[in-house]
Amino acid sequence: MSLKAFHVIFITAASTLAFGCGLWLLRVYRSPEGAASDLKWAVASIVCGLGLLVYEGFFLKKLRKESFL
Amino acid sequence: MEIPYTTKPRPDTGLYNAKVGIWLFLASEVMLFGALFSSYILLRVGAFVENWPHGLLNVPIGTVNTIVLIVSSITVVMAWASLKMKNFGKFKFYQAITVLCALMFLGIKSFEYRDKFTHYEVWKTDGTRMTGHIEGKPMFLTLAKVKAAGKEKIGFIPDPYHYSASKEVKHTAKEHPGEHKTVEIAVSEIKRLSAFVPAHSTYFAIYFTLTALHGLHVLGGAIVIGFLFGPGSKMWHSDPERFTNRVEVAGLFWHFVDLVWIFLFPVLYLL
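Here we summarise the structure given alongside this text.

The rules behind these values
Residues numbered from 1 in each chain as written. Chains lettered and ligands numbered in written order. Predicted model: local features only at pLDDT ≥ 70, side-chain atom pairs only at ≥ 80, totals over all residues. Heavy atoms only, no water. Helix = DSSP H or I, 4+ residues; strand = E, 2+ residues; numbered from the N terminus. Rg over C-alpha atoms; globule rule 2.2 N^0.38 Å. Buried < 20%, exposed > 50% of the residue type's maximum accessible area, 1.4 Å probe, protein only. Contact = heavy atoms within 4.5 Å. Lys, Arg positive; Asp, Glu negative; His and termini not counted. Charge placed at Lys NZ, Arg CZ, Asp CG, Glu CD. Core = buried A, V, L, I, M, F, W, Y, C linked by side-chain atoms within 4.5 Å. Domains from an automatic or database assignment. Pairing = 2+ DSSP bridges. Axes fitted to C-alpha atoms, helices over the stretch in contact; angles between N-to-C directions.

### Re the overall build of chain B
Line of reasoning, step 1. Helix and strand counts for chain B stand at 8 helices and 5 strands.
Line of reasoning, step 2. Of the regular secondary structure in chain B, the N- to C-terminal order runs α-α-α-β-β-α-β-α-β-β-α-α-α.
Line of reasoning, step 3. Taken over C-alpha atoms, the radius of gyration comes to 24 Å for chain B, far larger than the 18 Å a tight globule of 271 residues would show.
Line of reasoning, step 4. Taking the principal axes of its C-alpha atoms as reference, chain B extends roughly 75 × 40 × 35 Å.
Line of reasoning, step 5. The burial tally for chain B puts 46% of its 271 residues in the buried class.
Line of reasoning, step 6. Across chain B, contacts joining residues at least 24 apart in sequence account for 74% of those joining residues at least 6 apart.
Line of reasoning, step 7. Looking at charge distribution, chain B has the averaged site of its 27 positive side-chain charges lying 5 Å from that of its 20 negative ones.

This is the structure:
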């Protein structure tokens, strides 16, 4: 597996973490202990996740000639 | 004699030597970290909830470190891509940022460690427990050392709540933070005193094992990437293809180190 393929896996894992944190914070926000800052950080996490996916698309486009092996 | 397949792939594996080597090494690393992760999960599942420290790690600092490592993984791959596009200047730029990110990660981690070494838990003889800081912020203090110093009392600044407190108590303490007042605790009333060091509990033992091992990998990766940025980069002028492969292999190791952190962060800081 090349660095290109490993990078795609890594960025996918990182965006999954960002989305997971975002959803978890939204759940905390909706609970009785929720605070406004939880919503703020949830949105920030989801935006980060989306940003990483956009970057992944850009990366794959830029290195489309490189092998995944 | 020339070593074969340092740049061209072997016909049977389709890979050059160094790539086979690094993946074999990373397979052994997966087993090492996998065993430690499994140990952590089994110990946590089997522990009493009130004895398992939770919420003691600084989540914003951990988040910053996660962002630093994600940025470094982007720069390390950009450095490799720059070499593929024959742009040595850009490679140097991205490689330097990667080394800086690695050093920043280690700096933040050492700050976090220092904070743990000055944060204490006191087990009193009446069965109550509290966490907080000792006046003067000493490191690695134990009850034996306090007794040896001949002290009869210690000044303690307790945290708003103990980690075993209920969700409601923690929520109230966060909503209405009181003043941090110093309380005097008689040494005769202390059953045990420990900083948040490996000896404190199973949690901190495995926390330090995992994060220190990961930190050593970050340091090792930073040394290799630093070498390829500095003296090792001479190879670009004599054997550019082989040098590009070296950078790719270093990048694969760096991605593994970053991926470990992507699992470590939620497991240790959030769950």
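That covers the picture; the talk isn't over yet.
### Description of the nonpolar core
All names here are of chain B.
Line of reasoning, step 1. Membership of the largest hydrophobic core comes to 88 residues, with the highest contact counts inside it found for Tyr40, Leu193, Tyr207, Phe243 and Tyr269.
Line of reasoning, step 2. Top contributing element to this core by residue count: helix H8 (residues 240-270), with 19 residues.
Line of reasoning, step 3. Taken together, domain 1 (17-25 + 57-116 + 201-270) and domain 2 (121-195) each give at least three residues to this core, which thus spans both.
Line of reasoning, step 4. Once you skip the residues sitting within four places of it in the chain, Tyr207 turns out to touch Leu57, Lys109, Glu112, Tyr113, Leu268 and Tyr269.

### Some words on the environment of A:Phe6
Line of reasoning, step 1. Locating A:Phe6 in the fold gives a position in helix H1 (residues 3-30).
Line of reasoning, step 2. A C-alpha to C-alpha distance of 8.5 Å links A:Phe6 and A:Phe68, two positions 62 residues apart in sequence.

### Focus: the sheet that holds strand S1 (residues 119-124) of chain B
Residues and elements named next belong to chain B.
Line of reasoning, step 1. Strand order in the open sheet formed by 5 strands is S4-S3-S2-S1-S5, with antiparallel pairing between adjacent strands. Taken across any chain shown, the strands that pair with only one partner, and hence form the sheet edges, are strand S4 (183-186) and strand S5 (190-195). Shown here is a sheet whose adjacent strand axes are inclined to one another by a mean of 45°, direction ignored.
Line of reasoning, step 2. Taken strand by strand, helix H3 (residues 88-117) contacts S1, strand S2 (129-134) and S5, and its axis lies near 25° from that of S1.

Nothing here speaks to function; it is geometry throughout.
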